[in-house]
Amino acid sequence: MSALAAATGAINLGQGFPDTDGPDEVREAVVAALRDGAHNQYPPGPGLPDLRLAVAEHRQRFYGQTFDPDTEVLITTGATEAIAAAVLALVEPGDEVVALEPFYDSYAACIAMAGGVRVGVPLRPPFDGLDLDALRAAITPRTRLLMLNSPHNPTGTVLTREELAAIAELAVAHDLLVITDEVYEHLVFDGEHIPLATLPGMRERTVTISSAGKTFSFTGWKIGWVCATPELVAAVRTTKQFLTYVSGGPFQPAVAHALRLPDSYYAEFRADMHAKRDVLVGGLEAAGLTVYRPRGTYFITTDITPLGFADGLDFCRRLPELCGVVAVPEKVFFDDTPESQAIGRPLVRFAFCKKVEVLEEAASRLATLR
Ligand SMILES: *Cc1c(COP(=O)(O)O)cnc(C)c1O
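Residues numbered from 1 in each chain as written. Predicted model: local features only at pLDDT ≥ 70, side-chain atom pairs only at ≥ 80, totals over all residues. Heavy atoms only, no water.

- The protein has the name Pyridoxal phosphate-dependent aminotransferase in an unreviewed UniProt entry, where Yinghuangia soli is given as its organism.
- The UniProt entry for the protein carries the following text under Cofactor (unreviewed entry): "pyridoxal 5'-phosphate".
- On record in UniProt, under Sequence similarities (unreviewed entry), the comment for the protein is "Belongs to the class-I pyridoxal-phosphate-dependent aminotransferase family." (UniProt positions renumbered as here; feature names shortened; annotations may be inferred.)

So, in structure tokens, the structure goes:
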């Protein structure tokens, strides 16, 4: 869809990347690191020690949770590699992996690469919560791992403390490992982000994953991290070693700088994205779509049925020509079963991590669809 946007000159509300860079001082920190000559060769395998320390300080500052930067933090090539390395490390062929459907696209691929069996727990319109009975029903004696993503891409669902407590209880009762993908941890607009690892019984069985891309608006830098027990970190590090070994030398000190930005940075970033969410929610509603207001992330899920369309893929292919906007069909995030495809078919995802004037222009173009 990004290629389609480039080819047609349409406004790209498809892929989730900001159209403005993050803080200047963070960008300048990369330039300084490039120039100082100390960061252009392989960083240490587990990541630059000062970045591991900054990750641990950040978890302490925002969630009051302590991780040992030497044994319990691992730097990865974005959250994407952290997910791949964790799944390859923890899933054996035939193990069942329970994940929220719709799935962020890399989950299905990584589970398949590990020879695991994907089991979806559906999030369903209006995407304001998790069906705990469906989660219970998905767990079998073969379940090895739960993969959670909250705030959730693409639906914007943010799991509540009650939901997380129920998940924790199930994980403990069935002795499951859990991977939590928290890349949108600083983008919760309604409610709060609660890391699963802070709940009773979860610290020792959870691999917490996050990254700098979304939080600091540098999605091209690909610096992520894993926080977990020494045993789990060692397992993930062992696979990571043979995926990339290391990456992003000069970006690592800059991300350490970014993580130490004052609370005001995080608050302003969230307020800015909150305002953008509201602009695009208003625009999409005015255009006549059914809008599932997201509690977090960069994304808004809509249903195109009120506009007389039935299939999101067909709609998204035609959207550039119809009104000069690009969006993403959500059925690609659903299982191939007829039931899942029926739910995903009319859903279309719009990203709002763009300048307000771009969102307003997109909204006025979409208004012509009526
Ligand atoms: C963007 C995204 C990622 C990937 O993060 P990177 O740090 O860019 O690799 C992982 N999970 C979700 C849910 C995302 O939206």
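Moving on from the model shown.
Focus: the environment of D128
Then, number 1: Structurally, D128 can be placed in the loop between strand 4 (117-122) and helix 6 (132-138).
Then, number 2: With 29 residues separating them in the primary sequence, D128 and T157 have C-alpha atoms 5.9 Å apart. (Helix = DSSP H or I, 4+ residues; strand = E, 2+ residues; numbered from the N terminus.)

Describing the UniProt feature "domain: Aminotransferase class I/classII large" (unreviewed entry) in the protein
Then, number 1: Feature annotation in UniProt assigns "domain: Aminotransferase class I/classII large" (unreviewed entry) to the following positions: residues 10-364.
Then, number 2: Secondary structure across residues 10-364 comprises 41% helix and 16% strand; the distance between its end C-alpha atoms is 13 Å.

Comments concerning the nonpolar core
Then, number 1: Counting residues in each nonpolar core, the largest one holds 89 residues, and the members touching the most others are M147, F315 and F350.
Then, number 2: Here the element with the most residues in this core is helix 4 (residues 78-90); it accounts for eight residues.
Then, number 3: Counting contributing residues, this core receives three or more from each of domain 1 (2-22 + 264-367) and domain 2 (24-259).
Then, number 4: Setting aside residues up to four positions removed in sequence, F350 forms contacts with L13, L280, L284, Y298, F299, I300, T302, F315, L319, V325, A327 and L366.
Then, number 5: Residues L135, L148, L159 and Y292 belong to the second largest nonpolar core, which totals 28 residues. (Core = buried A, V, L, I, M, F, W, Y, C linked by side-chain atoms within 4.5 Å. Buried < 20%, exposed > 50% of the residue type's maximum accessible area, 1.4 Å probe, protein only. Domains from an automatic or database assignment. Contact = heavy atoms within 4.5 Å.)

Some remarks on the pattern of salt bridges
When charged atoms on two side chains of opposite charge get close, those side chains can pair.
Then, number 1: Taken as a whole and judged by the stated rule, the model has 23 salt bridges.
Then, number 2: A salt bridge links E81 to K240; its shortest N-O distance comes to 2.9 Å. One end of the pair, E81, is in helix 4; the other, K240, is in helix 9 (residues 230-240), and 159 residues separate them in sequence. The exposure classification of E81 matches that of K240, with both residues buried.
Then, number 3: Salt bridges linked by common partners bring D190, R277, D278 and R293 together as one network. (Salt bridge = Lys/Arg side-chain N within 4 Å of Asp/Glu carboxyl O.)

A word on the domain arrangement of the protein
Reports often express the size of an interface as the amount of accessible area lost when the parts come together.
Then, number 1: Entries for the protein in the domain assignment read domain 1 (2-22 + 264-367) and domain 2 (24-259).
Then, number 2: Using C-alpha coordinates to define each centre, domain 1 is positioned 25 Å away from domain 2.
Then, number 3: On the side of domain 2, 38 residues touch domain 1, which itself brings 31 residues to the contact.
Then, number 4: Counting each side, the surface lost to burial between domain 1 and domain 2 is near 3100 Å², with a carbon and sulfur contribution of 58%.
Then, number 5: Among the residues of domain 1 in contact with domain 2, Y266, R295 and F333 are the three that bury the most area, contributing 26% of the side total.
Then, number 6: Between R27 and D21 there is a salt bridge, and its shortest N-O distance comes to 2.9 Å.
Then, number 7: At the surface where domain 1 touches domain 2, the tally comes to 18 residue pairs in polar contact (both at pLDDT 80 or more).
Then, number 8: Of all the secondary structure elements, the ones that give two or more residues to the side of domain 1 that touches domain 2 are helix 11 (263-286), strand 10 (299-303), helix 13 (338-344) and strand 13 (347-351).
Then, number 9: The greatest single-element share of the side of domain 1 that touches domain 2, amounting to seven residues, is contributed by helix 11. (Buried area = accessible area lost by both parts, 1.4 Å probe. Polar contact = N/O pair within 3.5 Å; in protein donor to acceptor, adjacent residues only side chain to side chain.)

Topic: the packing of helix 11 against helix 14 (residues 356-366)
For any two helices packed against each other, the geometry is given by the interaxial angle and the distance between the axes.
Then, number 1: Running from N to C, helix 11 and helix 14 point in directions that differ by 10°, and their axes come no closer than 9 Å. By the angle between their directions, the pair helix 11 and helix 14 is classed as roughly parallel. Listed contacts from helix 14 to K276, V279, L280, G283 and L284 of helix 11 are V356, L359, E360, A363 and L366.
Then, number 2: Residues belonging to the contact of helix 11 with helix 14 are distributed by class as follows: seven nonpolar, one polar and two charged. (Axes fitted to C-alpha atoms, helices over the stretch in contact; angles between N-to-C directions. Parallel < 35°, antiparallel > 145°, perpendicular 65-115°, else oblique. Nonpolar A, V, L, I, M, F, W, Y, C, P; charged D, E, K, R; others polar.)

Some words on the packing of aromatic side chains
Then, number 1: All chains considered together, the criterion is met by 16 aromatic pairs.
Then, number 2: Judged by centre distance (5.1 Å) and plane angle (35°), the rings of W221 and F251 are tilted. Linking W221 in the loop between helix 8 (212-215) and strand 8 (224-227) with F251 in helix 10 (residues 251-259), this pair joins segments that are 30 residues apart in sequence.
Then, number 3: For the pair F309 and F315, a centre-to-centre distance of 4.9 Å together with 75° between the ring planes defines the contact as edge-to-face. Each member of the pair, F309 as well as F315, carries the same accessibility label: buried.
Then, number 4: Connected via pairs of aromatic rings, a cluster forms that spans F62, Y63, F216, Y265, Y266 and F269.
Then, number 5: Above the face of the F103 ring, R118 is positioned so that its terminal group lies 4.9 Å from the ring centre.
Then, number 6: The positively charged end of K354 is found above the aromatic ring belonging to F17, 3.8 Å away from the centroid. (Phe/Tyr/Trp six-rings, centres within 6.5 Å; stacked < 30°, edge-to-face > 60°. Lys NZ or Arg CZ within 6 Å of the ring centre and 35° of its normal.)

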